Amino acid sequence: MSTVPGILDLTSPQFDVDAYVSKLLKEKSLDALVAEEENMVNCVRRLDSDVHQIVYENYNKFLTATSSVRKIEKEFKHLDSEMQSLGDSMSSISRLVQELSPVIDGKKGQASTLARSYRTVHAVQFVSELPATLQSLLDDHQYSSLVRLSLKARSSLSPYSDVPNVTAVLEKVDTIVEAAEKELRALVGESASSVEAAGEAISLLSQLGVPEEQLRDSLIQAAEATLRRDLSSLSSSPADVLELVDEACSSFLPDLALCASLYRSHFPSTKEAMLVRLRPLFDQLNERIRQALLTVVPHDTALTVRSLDRYYSKCAALTQHLPELDNVSACSSLVNEISTREVRQCRETIRTELAAAISSIRESLLMDSRAALPPLVASLLGTALLQIKTALAHLLLFTASDVAFSSTSQSSSSFRAPFARLVYQEVLVGANKDACSLSLSTCSFHASSQPSLALILALAAHEWTAKYGQLEVLCREQFSIGGDDAREMSKEDEISSLWRSAAHQMLTQYVQQTAVTIGDPWCNALSVVNTPTQPRGVSLATKRLREEMRQLADTVASVFGEEIRKETRQRGGRAVTMPSETLKDSLWSERVDLHAPVHFKKSSMLVAISKGVLKSGVEGVRMNTLGSHAMQQIQVDVAYLQDSFSHLIGEDALLTSLFDAILSSSLRRCANPQLLHPNVVTSLMAEDENDK
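Report on the accompanying structure. This is a predicted model, so every value here is computed, not measured.

**Quick word on the overall build of the protein chain**
- A tally of regular secondary structure across the protein chain gives 25 helices and zero strands.
- Counting the 692 residues in the protein chain, one finds 41% classified as buried.
- Of the contacts made within the protein chain by residues no fewer than 6 positions apart, 78% connect residues no fewer than 24 positions apart.
- Put simply, the protein chain shows about 36500 Å² of open surface, and 54% of that area lies on carbon and sulfur atoms.

In structure tokens form, the structure reads like this:
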């Protein structure tokens, strides 16, 4: 048991992964496990950021140390050769002293004079050979030795500048030094390619007396030229935005970091001057990447997120060297802009796909007006669900735990929460409002020509009301919306109410248009009925109306999953009675509400359609003057329809009153009304059934 703490300690060499995971699974809930995972991911991200910072700092120190080591190495080599030469000279001198001591003991004064003469001759020889020596050093690019010798020569020979030969030597030295200065300035211009050489060149130019202001300008100009070259070398038409980001992260950003590090090491007190010159170039890079991201194909969200993640990570690492540039803020603004664009693109895509699905349904109905409606409703609902869930899945990539701009401790308030709110408002609430508006506009435009389309849209809206709540729960869980934010943002009641209102509005349009479509031919037939003989049966228009109502009842029953009710007629099944005297006087006495609410039930829809048809029939009869035979034909037709409707819909007091109103109107509009006996009406109806 004493080993258990060791195998569960993350920092212990005996750490056991399986035991640790088993312990977490046993002791912690799902929420606690998710929190533990997020904590580990954040720790890994912080460690990764710290490692990046340490790598950059060590790289900078390594460059400085390398430069120092090489300089010391050169000096030691030079000292070694000098010490070797000195040792040889001392050995020669020692031998000469031993050999000459007996000879010159008496001639020390002459020897001293000779030594001074030798030194003078040697100095004259050095001065005469100085230009050639400096030129040799220049050819070998040994700028440090050249600057040291030239400065020493100037200080030593300046007192003898009035001597013509010395003046000529100094002029040659100045010429060589000017050439060396040009080459050193060129090295400063290539600062990004060789930071060590550029740093040494700046130091040597400073020793040569070049003003610090000129050196700063030269370094900044060189940095600008390098960064502009990097910008121009970026692909004008990369294969994808990720390739462009990789190119920028391997050239522009490292060069910017090196130039900034070199400038700060030599001119730490004037950092602002460099920032003023380099910030526009970084802004240009940011704009290039922004334009590339804006051209990414919609729904390629994975590519967009990978590109933003890589760019943000590199910019965050650059901040360690150049915090004053504030490049992370610029990159964060880019992330917010691109993520907002992706959200709005998803909303537009949902609307486009729904419009295409509705158009496909319209085409299906045009090809087959009697097509089964439930599969079309299911297809439309499936498209809507698929598009919204796909959009949420794509946008969820922006909040993945391994994405740099979303996994930092500051991102919870600066990116994750606003992004989740935007997704909820645009993809869930906004897309539903778009879909509702699209359904209503389509229904208004096409209901007159395709009533079935209005019914499909109404049924889809009615069923979608229940599905919206599930989508809202899914969005909250995926984007971690909870607590006060969830209560503040919730629009479930508003959207559900919007869909319910739209569903009833479209259902009402369907009912009204269907009543007009099947009722107008019958009403027109009633308006022109004028037979010279007694009726011989039910009129063709009435038979056609009954058949259309039967087909309509079958369609509505299939939509609601009800059993299709067969019209089982028994001969003389419904008693036909003579109209009473009160019926003859009931014209305009009944008020029918055609705008009563229609419910998503078979009986409610059929009653509403029948009301519209019969009310149109009442108005049609009232507009004409009828003969007695025409009135009798209407009596037969009304009895026939009343009998048919009672089998299809059932007994309904309102429909009965409308049938009575049609018959009452025909009686009042007939100059010599002569009603048929009920037995005659029943016989005519029975003959029609036998003929059928």
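**A closer look at helix α12 (residues 301–319)**
- When the terminal C-alpha atoms of α12 are compared, their 27 Å separation across 19 residues agrees well with the 27 Å that a helix rising 1.5 Å per residue should span.
- Among the residues of α12, those classed as buried are T301, L303, T304, V305, S307, L308, D309, Y311, Y312, C315, A317 and L318.

**Focus: the side chain of R341**
- Along the chain, R341 falls in helix α13 (residues 327–367).
- Residue R341 is classed as buried on the basis of its relative accessible area, which comes to 15%.
- Not counting residues up to four positions away in its chain, the partners in contact with R341 are L293, L294, T295 and V296.

**Brief notes about the environment of G519**
- On the secondary structure map, G519 appears in helix α19 (residues 492–528).
- Residues within four places of G519 in sequence aside, it is in contact with T514 and V613.

**Considering the nonpolar core**
- With 163 residues, the main nonpolar core has Y311 and W522 as its most contacted residues.
- Top contributing element to this core by residue count: helix α16 (residues 411–446), with 14 residues.
- Setting aside chain neighbours within four positions, we find W522 in contact with A541, T542, L545, V613, L614, G617, L641 and I662.
- Counting eight residues, the second largest nonpolar core, distinct from the first, contains V538, V636, A639 and L676.

**Examining the environment of S329**
- If you trace the backbone, S329 turns up in helix α13.
- According to the relative accessible area criterion, S329 is partly exposed, its value standing at 35%.
- Sequence-wise, S329 and Y312 are 17 residues apart; in three dimensions their C-alpha atoms are separated by 9.8 Å.

**A look at the packing of aromatic side chains**
- The tally for this structure, following the rule as stated, stands at seven aromatic pairs.
- Ring geometry for F398 versus F419: centroids 5.3 Å apart, planes at 45 degrees, classification tilted. Of this pair, F398 sits in the loop between α14 (373–396) and α15 (404–407) while F419 sits in helix α16, placing them 21 residues apart in sequence.
- By relative accessible area, which is 3% here, F419 ends up buried.
- Ring geometry for F405 against F415: centres 5.3 Å apart, planes inclined by 85 degrees, an arrangement best described as edge-to-face. Placement of the pair is F405 in helix α15 and F415 in helix α16, with a sequence separation of ten residues. For the pair F405 and F415, one class covers both residues: buried.
- Taken together, the aromatic side chains of Y312, F398, F405, F415, F419 and F479 make up a single cluster linked through ring pairs.

**Describing a nonpolar patch on the surface**
- The grouping of I72, F76, L79, M83, L86, M90, I93 and V97 at the surface amounts to a nonpolar patch, some 790 Å² of accessible area in total.
- Its relative accessible area of 43% is what places I72 among the partly exposed residues.

**Regarding the packing of helix α8 (residues 212–233) against helix α10 (residues 252–266)**
- Running from amino to carboxyl end, α8 crosses α10 at an angle of 175 degrees, the nearest separation of the two axes being 9 Å. The angle between the axes of α8 and α10 places the two elements in the roughly antiparallel class. Contacts from R216, L219, I220, A223, T226, L227, D230 and L231 of α8 reach α10 at F252, D255, L256, C259, L262 and Y263.
- Its residues assigned to classes, the contact of α8 with α10 shows ten nonpolar, one polar and three charged.

About the thresholds
- Residues numbered from 1 in each chain as written.
- Predicted model: local features only at pLDDT ≥ 70, side-chain atom pairs only at ≥ 80, totals over all residues.
- Heavy atoms only, no water.
- Helix = DSSP H or I, 4+ residues; strand = E, 2+ residues; numbered from the N terminus.
- Buried < 20%, exposed > 50% of the residue type's maximum accessible area, 1.4 Å probe, protein only.
- Contact = heavy atoms within 4.5 Å.
- Areas by Shrake-Rupley, 256 points an atom, 1.4 Å probe, with all protein chains shown as cover.
- Expected span 1.5 Å × (residues − 1).
- Core = buried A, V, L, I, M, F, W, Y, C linked by side-chain atoms within 4.5 Å.
- Phe/Tyr/Trp six-rings, centres within 6.5 Å; stacked < 30°, edge-to-face > 60°.
- Patch = residues over 30% accessible without salt bridge, like charges linked within 9 Å, V, L, I, M, F, W, Y side chains within 5 Å.
- Salt bridge = Lys/Arg side-chain N within 4 Å of Asp/Glu carboxyl O.
- Axes fitted to C-alpha atoms, helices over the stretch in contact; angles between N-to-C directions.
- Parallel < 35°, antiparallel > 145°, perpendicular 65-115°, else oblique.
- Nonpolar A, V, L, I, M, F, W, Y, C, P; charged D, E, K, R; others polar.

Coordinates in, geometry out; function isn't part of it.
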